[in-house]
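# Overview (structure and organization)
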Amino acid sequence: MQLIPSFQGDQIRPGDDAYDDARTVFNAMIDKRPALIARCATAEDVAAAIAHAREIGAPLAVRAGGHSVAGMSLVDDGLVIDVRGLNEIAVDPVRGIARAGSGMTWAEFDAATQAHGLATTGGRVSTTGIAGLTLGGGSGWLERSLGLACDSLLAVELVTADGELIRATADAHPELFWALRGGGGNFGVVTAFEYALRPVGPILYGGLAAYDPADGRRVARAFRDYMRDAPDAAGIALGYVTAPPEDFVPPEWQGRRITGIVGCWNGPVEEGERALAPLLATAEPIVNLFGEIPYSALQSMIDDPPGQRNWWTATYLDDLPDEALDAFCDASELMPVGLSQSLLVPWGGAVARAGEGETPMAKRDAAWVVHPFCVWAEPERDVEHMAWGRATRDAFAPWSSGGVYLNFIGDEGEDRIRAAFGPSYERLAEVKRTYDPDNLFSGNQNVRPAHAMR
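As the structure is a computational prediction, the values presented were derived from the model and not from experiment.

With that settled, consider the packing of aromatic side chains. Following the criterion strictly, the structure yields 13 aromatic pairs and no others. With centroids separated by 5.8 Å and ring planes inclined at 70°, the aromatic side chains of Tyr240 and Phe328 adopt a geometry described as edge-to-face. Taken together, the residues Tyr240 in strand E13 (residues 234–242) and Phe328 in helix H10 (residues 322–332) connect sequence positions 88 residues apart. No difference in accessibility class separates Tyr240 from Phe328, as the two residues are buried. Judged by centre distance (4.9 Å) and plane angle (20°), the rings of Trp312 and Phe373 are stacked. With Trp312 in strand E17 (residues 309–312) and Phe373 in strand E20 (residues 368–376), this pair connects stretches of sequence that are 61 residues apart.

The following block contains the structure:
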């Protein structure tokens, strides 16, 4: 592919020394070979790359953090717009606002905002890019108290399919701004976000308490009952994992499945300790690491090692009766030993208080998200892990509301995309027709422009 004219950043093609590193993403299962990777240095570079792709008719992908489990950050034989160079941030602690380049990771964002004791809801894995997570909604430990990441957006700067640089807010391009708050990367290439910040930490009460799976049902029931009426400050989840070979894990438990409660209390440490103490004492823990923890450290606590194979899926539940809770424990006890996780994430709080249609995401009043998170190293175990993930998701069919959070799944087809947006899908399609009528930005959880649906 020819190089982009008048481009200030780096352009990388097959055969270049930097090529393999530039096309490496979070999921080691993804092995796509772009014809050109355009590492943008400015918003003008983004516009030039878009114009180049249109002129030569090349398929296009947009890459920020590279955490799309389906590999949507790359494209074979096409052009990748890499925005990781757009990673500057300006924090105004007086107004409680941050303007952040779309190439930032949450680790970078949190470091800058926590210097002022401020934060917004960010991803639970620090290497995740702010762009994909925010555009897809933005689930994180603070969501029950602060809402999803998209709820804190004040403005989005992006380049549209026709090369126009737009600043979308509630007052300027309001329909586009609505669509960007959970509608994914369908409408342009974002160059910067502006977020509202709130006081958080910098020290919270949080961590991990691990239990014998023999106590899993007792712990799960106590967790469910606690979260039904829990204060918004309780940003915790229930999960099954394989205990790592770390010093804090008793040797006899290393390499074995455990169940655990993980997360934080977004409030005073003493308040969190009092509030969570009865729940954490439901059974005798193998290890209890809850205590004072910097918010930025909490954000990297469950980071996965790079270079692993990933397959994810999820579903929403409106309620969690005993039968559904037993199904979760049964499925989790069959989880392949290794790096996979079986997660049960409570929503509610500020997530559910968003009005119907306030953002494109449907069923934000879901009480629970079931999230089989399959991670492994060996290609010969692909079938084993993915079969477990599908079986775990499908076990909840009797209780599923049909909704789904798209950032928690891979490419599961148009029906799942429509389920994620529900009645907002057609409205998104109209916004798509206005700003990307030719569906240039299709390498995502794609919403087709309205005219293409007829």
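Take the side chain of His385 next. Among the secondary structure elements, His385 is positioned in helix H12 (residues 382–394). Not counting chain neighbours up to four residues away, the residues in contact with His385 comprise Pro336, Ser340, Cys374, Val375 and Trp376.

Relative to the helices and strands, Val287 is located in strand E15 (residues 287–288). Residues Val287 and Tyr211 lie 76 residues apart in sequence; the distance between their C-alpha atoms is 7.3 Å. Excluding residues within four positions of it along the chain, Val287 makes contact with Leu208, Ala209, Ala210 and Phe248.

Judged by how many residues are buried, strand E14 (residues 257–265) sits mostly within the fold: eight of nine residues are covered. Sheet topology note: the strand E12 (residues 203–211)/E14 ladder contains seven bridges and is antiparallel. Its bridge partner lying in E14, Tyr211 is registered against Thr259. Relative to E14, E13 runs antiparallel, the two sharing nine bridges. The residue of E14 that forms the bridge with Ile236 is Gly263.

What follows deals with the nonpolar core. Counting residues in each nonpolar core, the largest one holds 86 residues, and the members touching the most others are Val46, Leu79, Ile81, Leu176, Phe193 and Trp347. Counting residues per element, this core draws most heavily on helix H2 (residues 43–56), which supplies six residues. Of all hydrophobic cores here, the second largest spans 38 residues; its members include Val219, Ala230, Ile261 and Phe290.

A complete count under the given rule lists 36 salt bridges for this structure. In this structure, the salt-bridge partner of Glu157 is Arg167, at a minimum N-O distance of 3.1 Å. Here Glu157 is found in strand E8 (residues 153–159), whereas its partner Arg167 is found in strand E9 (residues 165–168), with ten residues between them in sequence. With a shortest N-O distance of 2.8 Å, Arg381 and Glu384 are connected by a salt bridge. Each member of the salt-bridge network shares a partner with another, and the members are Arg217, Arg221, Arg224, Asp225, Arg228, Asp319, Asp322, Asp326, Asp330 and Glu333.

Rules used throughout
Residues numbered from 1 in each chain as written. Predicted model: local features only at pLDDT ≥ 70, side-chain atom pairs only at ≥ 80, totals over all residues. Heavy atoms only, no water. Phe/Tyr/Trp six-rings, centres within 6.5 Å; stacked < 30°, edge-to-face > 60°. Helix = DSSP H or I, 4+ residues; strand = E, 2+ residues; numbered from the N terminus. Buried < 20%, exposed > 50% of the residue type's maximum accessible area, 1.4 Å probe, protein only. Contact = heavy atoms within 4.5 Å. Pairing = 2+ DSSP bridges. Core = buried A, V, L, I, M, F, W, Y, C linked by side-chain atoms within 4.5 Å. Salt bridge = Lys/Arg side-chain N within 4 Å of Asp/Glu carboxyl O.

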